[in-house]
Amino acid sequence: RYVVTPGVKTHLSSLARAALLRRHPILLQGPTSSGKTSLVEYLAQRTGHRFMRINNHEHTDLQEYLGSYVTDANGNLSFQEGALVQAVRRG
């Protein structure tokens, strides 16, 4: 599913090293469709870690990360956890 070119290998190595050191947060920057998400997904897959994708955009709000109350099929309110809470719970 992935084409690992010499350039991709270099980026994977740098990303893995930075993640293992755990000294600083990691910010991946680049144009749309340049492979940032695929790089992290591939690394997670190769190392046996879970991968959860969260897309940020100008309309993203805290409820998407933390959760909110939603109406279920019976009309009752129930709390639905957001992506960040799910990611923390699942490790």
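Residues numbered from 1 in each chain as written. Predicted model: local features only at pLDDT ≥ 70, side-chain atom pairs only at ≥ 80, totals over all residues. Heavy atoms only, no water.

A. Structural view of the layout of surface pockets. Roughly 1300 Å³ of internal volume is contained in the largest pocket. Lining the largest pocket are 30 residues; nearest its centre among them are V40, A44, R50, F51 and M52. Counting residues per element, the ones that place at least two in the lining of the largest pocket are helix 1 (6-21), helix 2 (36-47) and helix 4 (83-90). Its residues assigned to classes, the lining of the largest pocket shows 14 nonpolar, 11 polar and five charged. Taken as a whole, the second largest pocket spans an internal volume of roughly 320 Å³. For the second largest pocket, the lining is made up of 17 residues, of which H11, S34, G35, K36 and L39 are closest to its centre. Looking at the lining of the second largest pocket, the elements that each hand over two or more residues are helix 1 and helix 2. Broken down by element, the lining of the second largest pocket gets its largest block of residues, five residues, from helix 1. Residues that form the lining of the second largest pocket fall into these classes: 10 nonpolar, six polar and one charged. (1 Å grid on protein atoms, 1.4 Å probe; cavity = no way out; pocket = protein on both sides within 12 Å on 5 of 7 lines; lining within 4 Å. Points joined across faces, edges and corners; volume = space filled by probe spheres on them. Helix = DSSP H or I, 4+ residues; strand = E, 2+ residues; numbered from the N terminus. Nonpolar A, V, L, I, M, F, W, Y, C, P; charged D, E, K, R; others polar.)

B. Quick peek at the pairing of strand 1 (residues 67-71). Note that strand 1 and strand 2 (residues 77-81) share five bridges and pair antiparallel. Across the sheet, the residue bridging to G67 is E81, located in strand 2. The turn linking strand 1 back onto strand 2 is made up of five residues, and G75 within it adopts a positive phi angle of 85 degrees. (Pairing = 2+ DSSP bridges.)

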